[in-house]
Protein chains: 10
Amino acid sequence: MAQSSKVLETFPNPAPGRDYAIHMRIPEFTCLCPKTGQPDFAELALDYVPDGLCVELKSLKLYIWSFRNEGRFHEAVTNEILEDLVKATAPRFMRLTAKFFVRGGIFTTVVAEHRKAGWEAHTRVDLARFDSQSSTNTGEAR
Amino acid sequence: MAQSSKVLETFPNPAPGRDYAIHMRIPEFTCLCPKTGQPDFAELALDYVPDGLCVELKSLKLYIWSFRNEGRFHEAVTNEILEDLVKATAPRFMRLTAKFFVRGGIFTTVVAEHRKAGWEAHTRVDLARFDSQSSTNTGEAR
Amino acid sequence: MAQSSKVLETFPNPAPGRDYAIHMRIPEFTCLCPKTGQPDFAELALDYVPDGLCVELKSLKLYIWSFRNEGRFHEAVTNEILEDLVKATAPRFMRLTAKFFVRGGIFTTVVAEHRKAGWEAHTRVDLARFDSQSSTNTGEAR
Amino acid sequence: MAQSSKVLETFPNPAPGRDYAIHMRIPEFTCLCPKTGQPDFAELALDYVPDGLCVELKSLKLYIWSFRNEGRFHEAVTNEILEDLVKATAPRFMRLTAKFFVRGGIFTTVVAEHRKAGWEAHTRVDLARFDSQSSTNTGEAR
Amino acid sequence: MAQSSKVLETFPNPAPGRDYAIHMRIPEFTCLCPKTGQPDFAELALDYVPDGLCVELKSLKLYIWSFRNEGRFHEAVTNEILEDLVKATAPRFMRLTAKFFVRGGIFTTVVAEHRKAGWEAHTRVDLARFDSQSSTNTGEAR
Amino acid sequence: MAQSSKVLETFPNPAPGRDYAIHMRIPEFTCLCPKTGQPDFAELALDYVPDGLCVELKSLKLYIWSFRNEGRFHEAVTNEILEDLVKATAPRFMRLTAKFFVRGGIFTTVVAEHRKAGWEAHTRVDLARFDSQSSTNTGEAR
Amino acid sequence: MAQSSKVLETFPNPAPGRDYAIHMRIPEFTCLCPKTGQPDFAELALDYVPDGLCVELKSLKLYIWSFRNEGRFHEAVTNEILEDLVKATAPRFMRLTAKFFVRGGIFTTVVAEHRKAGWEAHTRVDLARFDSQSSTNTGEAR
Amino acid sequence: MAQSSKVLETFPNPAPGRDYAIHMRIPEFTCLCPKTGQPDFAELALDYVPDGLCVELKSLKLYIWSFRNEGRFHEAVTNEILEDLVKATAPRFMRLTAKFFVRGGIFTTVVAEHRKAGWEAHTRVDLARFDSQSSTNTGEAR
Amino acid sequence: MAQSSKVLETFPNPAPGRDYAIHMRIPEFTCLCPKTGQPDFAELALDYVPDGLCVELKSLKLYIWSFRNEGRFHEAVTNEILEDLVKATAPRFMRLTAKFFVRGGIFTTVVAEHRKAGWEAHTRVDLARFDSQSSTNTGEAR
Amino acid sequence: MAQSSKVLETFPNPAPGRDYAIHMRIPEFTCLCPKTGQPDFAELALDYVPDGLCVELKSLKLYIWSFRNEGRFHEAVTNEILEDLVKATAPRFMRLTAKFFVRGGIFTTVVAEHRKAGWEAHTRVDLARFDSQSSTNTGEAR
């Protein structure tokens, strides 16, 4: 039987000479509410620019699982996961977005970032904006 | 100052010789939870085939408003509003759909219908299905 | 200068031997509210199975325009336009859908149909349902 | 601290004289994979026509929670939850839809239904189809 | 240089023992308006249940191209293409949907069908309806 | 009976100490084409940062109505409405977007802005981007 | 290293007493074009009502993989996969939908079904239709 | 029975050393129109960068409720709620967006911001833009 | 009969004192592939800030039509059309976006810009971002 | 029979005097997982500003195919393809986005960029933002 784990494994960045971005959408986060003991759910998104190390996908999955039976507040757990990931990978930039499921009729999302001292992002080059539902390929006569 | 009202006014159906449908989307329904006293919200949709009478739009608005300070359960209030509308207009067919806002992480919708004794719907004629985001007019290069 | 017109012109159905459907979306309908004199707006959709005659597109446009300065109630005008079109084209089947712009916080749509005596629709053949935003052609990495 | 529970509480149907529908979307289901012990996730949808009893929302929430630490296969757990709900409420009709999160690159959904012996649904009255992104209210110039 | 062609080539249906459906979306149709000589555009969709023959994709493309410099009215050309395809493949069922680009502010779609004498469609089995934008896989925290 | 009007009424800005934005979507604009006399339609969007005055909603509605029987070109009328609104409210910033309905197969939008001399916008703070169709609340198993 | 396989493994249906549906979306199908040797791609969807056996997810994945280096035509391979699945599981009902990626500017989808002799579907109970982008939970002010 | 309240409770920011963002979508706001006494509705969105304090979710809910029977104009109430929240939490940055339901055919949204003196936002790092309806996971063959 | 034309007609900019934007979506572009002679299709979008002249809509339509029987490569024709439009109108800024229909399984879009020497755009004022599918007006209970 | 190839062919940029953008969406990428030997899938998007050379579409297709039987990690292959394209075309700017299909419940996207030494992007001119589902052309009454 598999086990959850707090250990985040890494592998060497295959292209350390270049600032590039990795985006990981993680829809399966759940923990417990510290006040009521009831389950909380969130979808996480991790965005980072690796430096020497990348986070290994399978260990990330087990790490996310490790919160399943632990009590955490929304704001705190988002910052905690970011910090764990920063410690493990020492990235040039990292952002964690946590979209929590609705509580009390209110939908909460928390977004926290880390920037390596001295690192600066390239200016974004915005060549164009593309509408993914363009007439060139999505219209469908049924 | 305007007043809410339980009175549903009507006007004579201008085309009583034909079965035809009226759909009214009503996004501004709110009442109170009978247990906790806290506000509840819903979007209603009314669909009906009028017989001799149609419901007057402005009085419908004041009627919807009349629940603002009253305690009602989801299942009960949907049936109650349907019955009030049936009493006022004696329609050939009427359906009320109430999409309540999330409570306890669960999204509840209640749908109730009335059919006049002996009335039967025409078979639906399904000429075609049209995709509203077709390439003939919605693609947009930006 | 062009003129609006109540005359609906027609042309002979090029395929009278077959039941087939014509759908016309008409987003530019406006008339006046008979009570307040203020403008009302709607998007119309016409669906029909022609018999001997089809409605001519340009005259339909001028006919729609003819309501611009006339007072009409939602339910009545939908039935009136349907009847005018039925008189002009004597179709096997015709449906008019009028989606009126919001009034009093309520969105009203009226749908009226005409069936030629004795005409019956073919059973709909539902070969499949296609999602127009499928991964085979609409995903877009940006 | 709150507790999960296998007990499904009910309340008397406020409109037993009428067939009407209740739809509950339940996005927070999680259990364990019996083979690997790893978490599984699903979004459930419950649709039913109550007879004498309705399911109480809060107890439904605690019941859904009760699977959190239990091993269940996709096909089996969908049928099990349906059966528990049928036992608790003896509905005229009930359908449970479970959309499981992707495993092995494959997205599985299971849909199971129960019909009370002798019960038959009214023929669906399809007055019209409304496109929720119509020009009457959703276009937005930004 | 390639040439357009009115010849529709076919190949033997690999599964003639079964009624099954083929859907082809063809976004690149253009012809000329017989009145004004100006270009018209449409997106076509072909749905059919083959009998002994299937239409060959490449010849279908050249056939569609063959209308590029020919004058055709909307209603007529939809029926003509359907008839050509029926002659070439003698299908059990065939439907052609032509969504023409807007003219005079009106969006016209024409849908024509052919059924082989004596052929009847299986009753549609509607196991479930799936929302393609479900939370199990499309939510995306950015 | 109500009357259209060229007069734009205002009320004092309740928070003049702060730069804040007001967005008004106005889907019911229509005027006439100066060349052909035929109706034109557009959806307007007004965005502004008020200074001492805000535009009053009801008078804005009557003002929009006042173009109903007047001839105006697309580019000119967009600038004219902007200027009228600027004169009436003397805003810090104002943008008018006019999305005209399709003519000649081409969809035209005109966007004009006014900035008060010396006024500068705060840098936009982009905390995060939220996908409104996130898995936390929109997936729906049906 | 894993191996693709033509063997479809099964497990006993946990609820054989009931007609219920299993839907599996399989976005990772690829094979080769028998004419050109070039890769083809499709997204498959499997819908079935199990009888004694269910298809095992992992073996289904390896089976799908097994077509990677084999030449197959669109119409033929859809029927072949359906037949293999029918042989392996002897279902009450099964439908395979294959949405192939665009070739020659044309988007082809093939849909094939199998029904066990004597089996008939329950009439579909259509309690209601729910719009997954309803105002009760998806609007998002950003 | 619960009570609405003007008191906004707070808790200590668990990560005061970092600028991070909290987004709260609040779809259940309603107040009264000061002129007519009729109900108004809005969906609020709160975005903020906490300094020493975060707003407590439950008290926020009761605070929102407190406007239910109070008369407020759109522009004024948006600024008032922002100010109350700023007073309670003294944030580094805060933005309140209020999307009011349609009145007079016009859809009004008000957006107000507060910035702590001397605070400046980090430059936004735009690693990439992700289309949430990408082919990697949302296409669905049905 | 109408004729296509390479002549782009203009009219004097009605508001030359202000930088404002005109956006024209042109879904009906087609030319020929210079290599194969087969038709190519694209949707164009023109964005510009006029200086002394605006492009006349009808002549633009005839100009677009003029490419129908001419061979052009994707990258070249986008730049050529931009240059023709720049020559005709001498704008302060102009951008042409051409979204070509899929070829070889690849979807190509080309975007080219012209800026008048010395012209600089105003900084974009981003008052707010509005979700066009907000709960204030698009949710629809059906 | 066609052959995959590692050779990327080019053609001279037809407009080298201008910075302009080419966007190519490539939905048909597949390679193998170096650890398990199982297939991986991704949709690629290439964005570039050409200098002297453009990449030829057909050779790009064969190049993408060349990874079909090769083992590659997500992060590494994205950088490798970018580098191959940079070597072949020496562009002013190039970005490659690779959206990999879900593995372990996590959706990974990798985005890498190259900028020619000394090249700087023009400031983006943001004339306006257009909602592609505007009321001017996409609403559809059905």
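The paragraphs below set out a description of the structure included in this document. Since we're looking at a predicted model, the values are computed, not measured. (Residues numbered from 1 in each chain as written. Chains lettered and ligands numbered in written order. Predicted model: local features only at pLDDT ≥ 70, side-chain atom pairs only at ≥ 80, totals over all residues. Heavy atoms only, no water.)

Moving on: the environment of D:R103. Mapped onto the fold, D:R103 is located in the loop between β5 (93-100) and β6 (107-115). Residue class for D:R103 comes out partly exposed when judged on its relative accessible area of 22%. Sequence separation between D:R103 and D:A121 is 18 residues; the distance between their C-alpha atoms is 36 Å. Other than its neighbours up to four places away in sequence, D:R103 contacts A:E28, D:P39, D:D40, D:F41, G:L57 and J:G105. From its side chain, D:R103 meets the backbone oxygen of D:P39 in a polar contact 3.1 Å long. In this structure the side chain of D:R103 is engaged in a polar contact, spanning 3.1 Å, whose partner is the side chain of D:D40. (Helix = DSSP H or I, 4+ residues; strand = E, 2+ residues; numbered from the N terminus. Buried < 20%, exposed > 50% of the residue type's maximum accessible area, 1.4 Å probe, protein only. Contact = heavy atoms within 4.5 Å. Polar contact = N/O pair within 3.5 Å; in protein donor to acceptor, adjacent residues only side chain to side chain.)

Right, let's talk about the environment of D:M24 for a bit. Within the element layout of this structure, D:M24 appears in strand β2 (residues 20-32). Relative accessible area serves as the criterion here: at 1%, D:M24 is assigned to the buried category. Along the chain, D:M24 and D:A112 lie 88 residues apart, while their C-alpha atoms are 15 Å from each other. Setting aside anything within four residues of it in sequence, one finds D:M24 in contact with B:I106, B:F107, B:T108, D:L44, D:A45, D:L46, D:Y48, D:V55, D:L57 and D:L60.

Counting from both sides, the interface comprises 34 residues of chain E and, opposite them, 31 residues of chain C. For chain E, the biggest contributors to the area lost against chain C are E:E75, E:I106 and E:R124; these three give 22% of the whole. Our enumeration of links across chain E and chain C arrives at two salt bridges. Here C:E56 makes a salt bridge to E:K35, at a shortest N to O gap of 3.7 Å. If one sorts the elements of the side of chain E that touches chain C by residue count, strand β6 (residues 107-115) of chain E sits on top with eight residues. Of the residues contributing to the side of chain E that touches chain C, the split by class is 13 nonpolar, eight polar and 13 charged. Strand direction decides the pairing type here: strand β2 (residues 20-32) of chain C and β6(E), joined by six bridges, are antiparallel. Residue C:M24 lies in a different strand from β6(E), and its bridge partner there is E:T108. (Buried area = accessible area lost by both parts, 1.4 Å probe. Salt bridge = Lys/Arg side-chain N within 4 Å of Asp/Glu carboxyl O. Nonpolar A, V, L, I, M, F, W, Y, C, P; charged D, E, K, R; others polar. Pairing = 2+ DSSP bridges.)

This part is about the interface of chain J and chain A. Each partner contributes residues to the interface: chain J has 34 residues there, and chain A has 31 residues. The junction of chain J with chain A conceals about 2,700 Å² of combined surface from both sides, 53% of it contributed by carbon and sulfur atoms. The three residues of chain J that bury the most area against chain A are J:E75, J:I106 and J:R124, which together make up 22% of that side's buried surface. As a salt-bridge pair, A:R18 and J:E83 come within 3.4 Å of each other at their nearest N and O atoms. Counting every contact that joins chain J to chain A gives seven residue pairs in polar contact (both at pLDDT 80 or more). Residue assignment for the side of chain J that touches chain A shows that the elements contributing at least two residues are β2 (20-32), β3 (39-49), α2 (74-89), β5 (93-100) and β6 (107-115) of chain J. Looking at which element gives the most residues to the side of chain J that touches chain A, the answer is β6(J), with eight residues. By residue class, the composition of the side of chain J that touches chain A is 13 nonpolar, eight polar and 13 charged.

On to the relation of the copies chain E and chain C. Aligned on chain C, chain E shows an RMSD of 0.0 Å; the corresponding rotation is 72 degrees and the shift along the axis is 0.0 Å. Read as a symmetry element, the transformation amounts to a five-fold axis. (Least-squares fit on C-alpha atoms with pLDDT ≥ 70 in both.)

Taken as a whole, this structure holds 45 aromatic pairs over all chains when the rule is applied. Measuring from centroid to centroid gives 6.4 Å for A:F41 and D:F41, while their planes differ by 85 degrees, and the two rings are edge-to-face. Pair noted here: A:F41 is in strand β3 (residues 39-49) and D:F41 is in strand β3 (residues 39-49), and the two residues belong to different chains. This pair shows no difference in class: A:F41 is buried, exactly as D:F41 is. What links up through ring pairs into an aromatic cluster is the set A:F41, A:F101, D:F41 and D:F101. Sitting above the plane of the F:F67 ring, F:K6 keeps its charged end 3.5 Å from the centroid. (Phe/Tyr/Trp six-rings, centres within 6.5 Å; stacked < 30°, edge-to-face > 60°. Lys NZ or Arg CZ within 6 Å of the ring centre and 35° of its normal.)

Let's shift gears to helix α1 (residues 57-65) of chain I. Those residues of α1(I) that sit buried are I:S59, I:L60, I:L62, I:Y63, I:I64 and I:W65. Where α1(I) is buried, its residues contact β3 (39-49) of chain E together with β2 (20-32), β3 (39-49), β4 (53-55) and α2 (74-89) of chain I. Its side-chain oxygen at 3.2 Å from the backbone nitrogen of I:K58, I:E56 defines the N-terminal cap of α1(I).

Once that is clear, we can look at the side chain of E:R25. By the secondary structure assignment, E:R25 is in strand β2 (residues 20-32). Owing to a relative accessible area of 1%, E:R25 belongs among the buried residues under this scheme.

A few words on the state of the cysteines. Across all of its chains, the model carries zero disulfides over all chains by this definition. The structure places no disulfide on C:C31, whose sulfur is separated from the nearest cysteine sulfur, that of C:C33, by 8.3 Å. Accessibility expressed as a relative area gives 1% for C:C31, which makes it buried. Of the cysteine sulfurs around C:C54, a residue in no disulfide, the closest is that of E:C33, at 15 Å. (Disulfide = S-S within 2.5 Å.)

Residue and element names in this part refer to chain C. Examined against the element boundaries, G17 turns out to sit in the loop between β1 (10-12) and β2. For G17, a relative accessible area of 81% corresponds to the exposed category. Measuring from C-alpha to C-alpha, the distance between G17 and L44 comes to 28 Å, with 27 residues separating the pair along the chain.

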